[in-house]
Amino acid sequence: PETSVESVSDARRVEIQDVLDRWASAIVANDPTKIAEFTQPDWILITPESGPIPLEGFLSAVASGRLTHSEMTFEVLHLRTFGDAALVAVAHGTNSGTWDGAPFSADELVTEVFTLAEGTWRCSVSALTPRLLST
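Residues numbered from 1 in each chain as written. Predicted model: local features only at pLDDT ≥ 70, side-chain atom pairs only at ≥ 80, totals over all residues. Heavy atoms only, no water.

## Looking at the sheet that holds strand β2 (residues 51-54)
Taken in spatial order, the six strands line up as β2-β1-β6-β5-β4-β3 in an open sheet, and their pairing is mixed. The outermost strands of the open sheet, each flanked by one partner alone, are β2 and β3 (67-82). Averaged over all pairs of adjacent strands, the angle between strand axes in this sheet comes to 25°, irrespective of strand direction. Helix α1 (residues 10-28) contacts β1 (39-47), β3, β4 (85-99), β5 (102-117) and β6 (120-130) of the sheet and is inclined by roughly 165° relative to β3. Packing of helix α3 (residues 55-64) onto the sheet brings it into contact with β1, β2, β3 and β4, and relative to β2 it is tilted by some 75°. (Pairing = 2+ DSSP bridges. Helix = DSSP H or I, 4+ residues; strand = E, 2+ residues; numbered from the N terminus. Axes fitted to C-alpha atoms, helices over the stretch in contact; angles between N-to-C directions. Contact = heavy atoms within 4.5 Å.)

## Let's talk about the side chain of Ser96
Position of Ser96 relative to the elements: it lies in strand β4. Not counting chain neighbours up to four residues away, the residues in contact with Ser96 comprise Thr68, His69, Ser70, Glu71, Phe104 and Ser105.

## Focus: the confidence of the model for the protein
Keep in mind that low pLDDT regions are not for reading the predicted coordinates in detail. For the protein, per-residue confidence averages 92 on the pLDDT scale, and residues scoring 70 or more make up 93% of the total. Here residues 1-6 is a poorly scored stretch, pLDDT under 50, and it has 16 contacts once near neighbours within four places are set aside; other chains count. (pLDDT = per-residue confidence, 0-100.)

## Focus on α3
Residues Leu55, Phe58, Leu59, Ala61 and Val62 constitute the buried set of α3. For α3, the angular spread of the buried residues around the axis is 155°, confining them to a single face. Exposed and facing more than 90 degrees away from the buried side of α3 are Glu56 and Ala63. On its buried side, α3 packs onto α2 (32-36), β1, β2, β3 and β4. Gly65 lies just past α3 and shows a positive phi near 85°. (Buried < 20%, exposed > 50% of the residue type's maximum accessible area, 1.4 Å probe, protein only. Arc of directions from axis to C-beta.)

Now the structure itself:
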């Protein structure tokens, strides 16, 4: 059955938050091999700037040094679980780094789909939405 962050077990919430924290660390390490350990082979990143980006495109940008990250955080705000699937319906994410040598920083709402296979959570899709702050 569908659950929300309020009814997902504390253990499952901690488990998913831990996966996101470890994945963020792999991204900040700028290590394509470590990053790929958290994704399905057909993972896709959807960004407002570039639309869908396949895993190999993301890993290639990291491996070449075109994309680097110096900081990344996630805070799960809304989580649903469906058996061996977890939908991080909303997480607050921040990150910074460089793209082609130009610095960037982002404050985003992130949606991610994870599946559990052989005891390991792997992400299938990540969608980023800029977080608009009211003034």
